[in-house]
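Structural overview
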Amino acid sequence: MSMITNDWLDSVKSEFAKPYYKDLYNFVREEYSTREIYPPADDIFNAFHFTPLSKVKVLLLGQDPYHNYHQAHGLSFSVLPDQKDIPPSLQNIYKELNTDLGCYIPNNGYLKKWADQGVLLLNTVLTVRAHQANSHQGRGWETFTDAIIKAVNEQDRPIVYLLWGKPAQSKIKMLDNPKHLILTAPHPSPLSAYRGFFGCKHFSKTNEFLEKNGVEPIDWQIENI
């Protein structure tokens, strides 16, 4: 596990000393040494490496890393640039972007451009066994990522939360900063996108809120490779 070294460290370093995190670290280290685990160990904390706390404008909360080969790389909903198959949920995100903002649908699912602009692409669980969804749930990651969410909630500036689906929306009780905007919708998965994710206009609403508060909006267009 490559460690967090930027400004997130002040907010989370106390977590590293807690018993739950030591248990989590030992579990994850054992898993990587004995099984096929995603994302690659050096990519676990990419969301924090790419989006420092001081730069966060949007928190987009996912659940579990992708569990198939060569997909997950530490950013929620994102896959590596040479991955030919764009996951169904991300396909639906692109469809909503197309209808909301007119973004063309790109030929890849690499969302680092968003992360570089201040979109924290956070999963609640940061590792997973190959081909076993949710296999690392309940091991401690949720406690750690709750500490991340609390650190964002404490930021004294405009921030938008995109909470899609009930697991993400369960975090609303942690969010009490009046300067922040919470947007909720069904999850973009094929099972639920038609229940209200399509047409939610979260991307334009996010930019309207940021611009109204004097913050540079997000360029949501992912370019073709």
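Residues numbered from 1 in each chain as written. Predicted model: local features only at pLDDT ≥ 70, side-chain atom pairs only at ≥ 80, totals over all residues. Heavy atoms only, no water.

The strands making up a sheet associate through hydrogen bonds between their backbones, and the pairing can be parallel or antiparallel. Reading across the sheet, the four strands line up as β3-β2-β5-β6 and stay open at both edges, with parallel pairing between neighbours. This sheet does not close on itself; its edge strands, each paired only once, are β3 (119-123) and β6 (181-185). The sheet shows a mean angle of 20° between the axes of neighbouring strands, direction not considered. Where strand β5 (residues 160-164) and β6 come together, five bridges link them in parallel fashion. Following the sheet pairing, leucine 162 is matched in β6 by leucine 183. (Pairing = 2+ DSSP bridges. Helix = DSSP H or I, 4+ residues; strand = E, 2+ residues; numbered from the N terminus. Axes fitted to C-alpha atoms, helices over the stretch in contact; angles between N-to-C directions.)

The subject of this paragraph is the packing of helix α1 (residues 8-16) against helix α6 (residues 141-153). Following both chains from N to C, one finds α1 and α6 inclined at 150°, their axes separated by 10 Å at the closest point. Relative to α6, α1 is oriented roughly antiparallel. Seen along the crossing, α1 lies across α6 with a hand that is right-handed. Across the interface between the two elements, Trp8, Ser11, Val12, Glu15 and Phe16 from α1 touch Thr143, Phe144, Ala147, Ile148, Ala151 and Val152 from α6. (Parallel < 35°, antiparallel > 145°, perpendicular 65-115°, else oblique. Left-handed = near helix turned anticlockwise from the far one by under 90°. Contact = heavy atoms within 4.5 Å.)

Right, let's talk about helix α4 (residues 88-101) for a bit. The terminal C-alpha atoms of α4, which comprises 14 residues, lie 20 Å apart, in line with the 20 Å expected from a rise of 1.5 Å per residue. The inward-facing, buried residues of α4 contact α5 (112-116), β5 and α8 (202-212). A positive backbone phi angle near 80° is found at glycine 102, which sits one or two residues after α4. (Expected span 1.5 Å × (residues − 1).)

What follows is about the packing of aromatic side chains. Tallying each qualifying case throughout the model produces 18 aromatic pairs. Taken together, a centroid distance of 4.9 Å and an interplanar angle of 70° make the contact between tyrosine 194 and phenylalanine 198 edge-to-face. For phenylalanine 198, a relative accessible area of 25% puts it in the partly exposed group. Grouping aromatic residues by their ring pairs yields a cluster made of Trp8, Phe16, Tyr20, Tyr21, Phe45, Phe48, Trp141 and Phe144. (Phe/Tyr/Trp six-rings, centres within 6.5 Å; stacked < 30°, edge-to-face > 60°. Buried < 20%, exposed > 50% of the residue type's maximum accessible area, 1.4 Å probe, protein only.)

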